Amino acid sequence: MNPLKEKDMPRIELTKAAVERIKSTRPPRKTVYLDADIRGLALEYRPTGMGTWYFRAKGEHGNKKMLRLGALAEMDVLEARAQAYALQKFVEQSGTLGEIHPGNGLTFGEFIEKHYLPHAKARKRSWQTEVGILRRHIQPVRGSLAAGRFFAQLWSVSAIMSS
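Conventions we followed
- Residues numbered from 1 in each chain as written.
- Predicted model: local features only at pLDDT ≥ 70, side-chain atom pairs only at ≥ 80, totals over all residues.
- Heavy atoms only, no water.
- Buried < 20%, exposed > 50% of the residue type's maximum accessible area, 1.4 Å probe, protein only.
- Helix = DSSP H or I, 4+ residues; strand = E, 2+ residues; numbered from the N terminus.
- Pairing = 2+ DSSP bridges.
- Arc of directions from axis to C-beta.
- Contact = heavy atoms within 4.5 Å.
- Axes fitted to C-alpha atoms, helices over the stretch in contact; angles between N-to-C directions.

Break down the pairing of strand S3 (residues 41–45) for me, citing the residues and quoting the values.
Taken across its five residues, S3 has five buried, putting it largely inside the fold. Counted between consecutive antiparallel strands, the loop separating strand S2 (residues 31–35) from S3 contains five residues, among which Gly-40 sits at a positive phi close to 110 degrees. Two elements, S3 and strand S4 (residues 51–58), share five bridges in a ladder whose sense is antiparallel. Paired with Tyr-45 across the two strands is Gly-51, which belongs to S4. Hairpin remark: S3 followed by S4, antiparallel, with five residues in the connecting loop; positive phi at Gly-49, about 95 degrees.

Before we move on, can you summarise unusual backbone geometry with the specific residues and values?
Even without glycine at this site, Arg-26 takes up a positive phi of about 45 degrees. Here Arg-26 shows up in the loop between helix H1 (16–25) and S2. What makes Arg-26 partly exposed here is its relative accessible area of 47%.

Requested: an account of H1, with residues and values cited.
Listed as buried for H1 are Ala-18, Val-19 and Ile-22. The buried residues of H1 occupy an angular sector of 100 degrees when projected down its axis, which confines them to one face. Every exposed residue of H1 that faces more than 90 degrees away from the buried side is listed here: Lys-16, Arg-21 and Ser-24. At the C-terminal side of H1, Arg-26 shows a positive phi close to 45 degrees.

Run through the sheet that holds S3, naming residues and quoting values.
Strand order in the open sheet made by the five strands is S1-S2-S3-S4-S5, with mixed pairing throughout. The open sheet has two free edges, formed respectively by strand S1 (11–12) and strand S5 (64–71), since each of these has just one partner strand. Along the sheet face, H1 touches S1, S2, S3 and S4 and points at about 20 degrees away from the line of S3.

Below, the structure is given as structure tokens:
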């Protein structure tokens, strides 16, 4: 990642038009653009014309953690924003990215048991109904899917449906 401090990084609204402008200007060195709307969404763009989407947040031990969302060539701005929005909501609830990382081996089923159910039991009166639905319908189908991959698929679909 760029050694610049966050205050030195350009903060713009990362839209399709903004990304096209960035591509056409080709910065002379690697530049990290932070999204003005979704805290944590970042686009790292290199002079070679390659770019990578990241989500930045606090890690388990209070350090900054960068979660790679995907390459600019493979993921459009709407998909990157949808994933970052979902991760932002998760961080707001839990305070940290914690274990949610595609490469750490945490499955969706494990995420439900370790993170969601304790949260739901403490805050929702309908938690028993949700446990039944999750265990009967969702975990048998998606429980073994990597948690990071599950969230990427889930919020990509929800972004398309809401637009």
